[in-house]
Number of protein chains: 2
Amino acid sequence: MTNKQQILAKRPVGMPDAETWTLTTTEVPELKEGEVIIKNHFVSLDPAMRGWMNDAKSYIPPVQIGEVMRAGTIGTVVKANKHPKYKKGDVLTGWGGVQQYTITDGTNYYPVDTNLAPMPTYIGTLGMPGMTAYFGILEVGKIKEGDVVLVSGAAGAVGSVVGQIAKIKGCTVVGIAGGPDKCRYVVEELGFDACIDYKNENVPAGIKQHCPKGIDVYFDNVGGEILDAALGRLRMHARVVICGAISQYNNKENVKGPSNYLSLLVNRATMQGMVVMDYAKDYQTAAQEMGQWMMEGKLKSKEDIYEGIENFHETFQRLFTGEKKGKLVLKVIEE
Amino acid sequence: MTNKQQILAKRPVGMPDAETWTLTTTEVPELKEGEVIIKNHFVSLDPAMRGWMNDAKSYIPPVQIGEVMRAGTIGTVVKANKHPKYKKGDVLTGWGGVQQYTITDGTNYYPVDTNLAPMPTYIGTLGMPGMTAYFGILEVGKIKEGDVVLVSGAAGAVGSVVGQIAKIKGCTVVGIAGGPDKCRYVVEELGFDACIDYKNENVPAGIKQHCPKGIDVYFDNVGGEILDAALGRLRMHARVVICGAISQYNNKENVKGPSNYLSLLVNRATMQGMVVMDYAKDYQTAAQEMGQWMMEGKLKSKEDIYEGIENFHETFQRLFTGEKKGKLVLKVIEE
């Protein structure tokens, strides 16, 4: 049984390119006792992966040169060697990496029920991006009914769920996304109250128009100029959730710090960072509640699925060019 | 009775200069019923005053052109016209402005007891700067025993009190100040564990040396490069208190945003702004507790007093050049 893998070949400066990873083919080794082989049907492509490629202190160690590129995955157990919990046919989600097969003892894997939702949803709205949205907007953003919530990356895997949860909780929700198609999707399909097209509109003017009384909660996935625009319109005691900064991940220069950060002082506001892994013990509860919302039609999940492990680099770039709609997923092996 | 006043003549761009204010002399008008005349012995000079001069939305309205420059003051009632609370001889602190006499109905004035502490202390450690320190480090910084606390502007009116309170509460306290004299004062007289001289030392290296395990609470009075250096060494769940940004107040260009703000994400940290006026209802309790610490010798108060209302501009500049030690006070009238 052969295994195609995307190996980190060198650390990128700026945007990763064709030399950043090497596609290799190896034999899948024999299983030790207590291990399983998982066939990774789908790999999750997330902006955070760019950060893991830098040789810098962060919330998890960087991927090392020569290692399989780290990524969330969902797959099926194809072989088990006396594993205490998992058997052939079980569907598991975890950190399988950008490869077709993973051998694991099951640590940090979770079983899922594909009768309730399709596989890609378990690495999207019911996976890390959905959990990030759920805990970010509820636990860090602390939204309450009537709040005005602004979300950047509104058509993305995290932002789309953030906005829908805020609507469920009775907030006014304004999104920021790139291009008229995404904005239409965010408003018409996801039910946001408005969406600002940052590629074609003046963002500060759009925020002023759609949030005339200011912002109670800003959920930031992008950083840069948009973070500054949001800071410029905070209400008293506003909360800014720092979830990501996709506009800055491929910078060759320093990160752009938010010039308007003194708005935190003027408005007695709070800016707080979050990492989803801190909430692992409550994933199950969150998944149940979000699954319920999905069944009731209140929470929509959309995945944009590409095919072929050899297309990993081109597909990954869509995270940064914005050429995708919803959660970006790569199918890396045939059924 | 004549009254010398410093009137805001024009809005400065960058550092205020000799034309920013005009010194005028007027007659003190007759008192209406319910009013008092206060002779302002001492005027408080604070970095926040620079912000009040800009025509921008902030936590209080800007000082208008032609108005007396806003400032905290302490003085004695020299005449009262049937005032319900105050009589001749009472000592009051409030917002008297940069002038020798103020007529007021007493709103936002508080009586003080000059047997317990000298007048300048009531606009320093027992006034706004002290209150800012007290509520900032306790309520926003939420310090607890054993925390590593870093304070910029450590020799200043706010920072010196922040650090001393943190020591009283059992924290390790590292200051940042400009020049060896100030650093010696902070360590030897105020009891900080260490002090980094930002004019002669590399600040990131100094933080690394004195906070080898990182920072639990950073109390920021300065912004700019020092804020970035502190963000670069946060511990998990750290709190950053945004109290001021003196390095940025006279900028002609944009404020420098903190490039290292994504450290908030990596470390699940919080950056929160504060304005002391929000805590007005608890000033009395804070003043009692701080007065007690002063009597016990645990909290030292130091004022740097200059004389002459005509020297307001030159004295004010010391806030930004750093040529002062402790709370900057201007005596604007003879006894």
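Counting restarts for each chain: residues are numbered from 1 in the order of the written sequence. Throughout, the order in which chains and ligands are written sets their labels, letters from A for the former and numbers from 1 for the latter. Thresholds applied to this predicted model are a pLDDT of at least 70 for local features of residues and 80 or more for the giving and counting of side-chain atom pairs; totals over whole chains, interfaces and linings are not thresholded and use all residues. Think of the side-chain values as coming from all heavy atoms in the structure, minus any hydrogens and water.

1. A short note on the sheet that holds strand β9 (residues 172-177) of chain B
Next, step 1: The 12 strands are arranged β10(A)-β9(A)-β8(A)-β11(A)-β12(A)-β13(A)-β13(B)-β12(B)-β11(B)-β8(B)-β9(B)-β10(B) in an open sheet whose pairing can be described as mixed. Looking at strand neighbours, the two that pair on one side only are β10 (194-197) of chain A together with β10 (194-197) of chain B, the edges of this open sheet. Taken pair by pair, the neighbouring strands of this sheet meet at an average axis angle of 15°, ignoring direction.
Next, step 2: Any two strands are treated as partners once DSSP identifies two or more bridges connecting them. By definition, any uninterrupted DSSP run of H or I lasting at least four residues is a helix, any uninterrupted run of E lasting at least two residues is a strand, and each is numbered from the N terminus. In this structure, strand β9 (residues 172-177) of chain A lies alongside β10(A), joined through 4 bridges in parallel fashion. In the sheet register, A:Ile176 faces β10(A), and the bridge partner there is A:Ile196.
Next, step 3: Residue contacts follow a heavy-atom distance rule, with two residues in contact if any of their heavy atoms lie within 4.5 Å. In this analysis an axis means a line fitted to C-alpha atoms, helices contributing only their contacting stretch, and an angle means the value between N-to-C directions, from 0 to 180 degrees. Seen against the sheet, helix α5 (residues 180-189) of chain A touches β9 and β10 of chain A and runs at an angle of roughly 170° to β10(A).

2. Things to note about the relation of the copies chain B and chain A
Next, step 1: Here the copies are superposed with least squares, the fitted atoms being C-alpha atoms of residues at a pLDDT of at least 70 in both. Overlay of chain B on chain A (RMSD 0.0 Å): rotation 180°, translation along the axis 0.0 Å. A rotation of that kind, with that shift, is consistent with a two-fold axis. Taking C-alpha positions as the reference, the residue of chain B nearest the rotation axis is B:Gly257, at 2.1 Å.
Next, step 2: A symmetric contact is evident, with 100% of the interface residues of chain B recurring at the interface of chain A.

3. Details of the pairing of strand β1 (residues 2-8) of chain B
All names here are of chain B.
Next, step 1: Of all 7 residues that make up β1, 5 are buried, and the element is covered over most of its length.
Next, step 2: The sheet contact formed by β1 and strand β2 (residues 21-27) spans 7 bridges and is antiparallel. For Ile7, the partnering residue across the bridge sits in β2 and is Thr22. Under the scheme applied here, a residue whose accessible area is under 20% of the maximum for its type counts as buried, over 50% as exposed, and between as partly exposed, the area being computed with a 1.4 Å probe on protein chains only.

4. A short note on the interface of chain B and chain A
Next, step 1: Counting residues at the interface gives 33 residues for chain B, matched by 33 residues for chain A.
Next, step 2: When two components associate, each loses some accessible surface as probed by a 1.4 Å sphere; the sum of these losses over both components is called the buried area. Between chain B and chain A, roughly 2600 Å² of surface is buried when both sides are summed, and carbon and sulfur atoms account for 62% of that area.
Next, step 3: Of all residues in chain B, B:Tyr261, B:Leu265 and B:Arg268 bury the most surface against chain A, accounting for 27% of the area lost on that side.
Next, step 4: The term salt bridge refers to a side-chain nitrogen of Lys or Arg lying within 4 Å of a carboxyl oxygen of Asp or Glu. Taking the shortest distance from any N to any O, the salt bridge between B:Asp278 and A:Arg268 comes out at 2.7 Å.
Next, step 5: We define a polar contact as two N or O atoms separated by no more than 3.5 Å, with the added condition that, inside protein, one atom must be a possible hydrogen donor and the other a possible acceptor, whereas residues neighbouring each other in sequence contribute only through side-chain atom pairs. Where chain B meets chain A, there are 7 residue pairs in polar contact (both at pLDDT 80 or more).
Next, step 6: Residue assignment for the side of chain B that touches chain A shows that the elements contributing at least two residues are α7 (224-231), β12 (234-242), α8 (263-266) and β13 (270-273) of chain B.
Next, step 7: When residues of the side of chain B that touches chain A are assigned to their parent elements, the largest contribution, 4 residues, is made by β13(B).
Next, step 8: Amino acids outside the nonpolar list (Ala, Val, Leu, Ile, Met, Phe, Trp, Tyr, Cys, Pro) and the charged list (Asp, Glu, Lys, Arg) are all regarded as polar, and Gly is one of them. Across the side of chain B that touches chain A, the residue classes tally to 17 nonpolar, 11 polar and 5 charged.

5. Focus: the nonpolar core
Next, step 1: Joining through side-chain atoms within 4.5 Å is the link that ties buried Ala, Val, Leu, Ile, Met, Phe, Trp, Tyr and Cys residues into a set, and such a set is a nonpolar core. Among the nonpolar cores identified, the biggest contains 58 residues, and A:Tyr218, A:Met271, B:Tyr218 and B:Met271 are the most heavily contacted of them.
Next, step 2: Leaving out residues up to four positions away in the same chain, A:Tyr218 has contacts with A:Leu150, A:Ser152, A:Ile226, A:Leu227, A:Ala230, A:Arg239, A:Val240 and A:Val241.

6. Some words on the UniProt feature "domain: Enoyl reductase (ER)" (unreviewed entry) in chain A
Next, step 1: UniProt positions are given in the numbering used here, feature names are shortened, and annotations may be inferred rather than shown by experiment. As annotated by UniProt and renumbered to match this structure, "domain: Enoyl reductase (ER)" (unreviewed entry) occupies residues 14-330 of chain A.
Next, step 2: Along residues 14-330 of chain A, the helical share is 27% and the strand share 25%, with 22 Å between the first and last C-alpha atoms.

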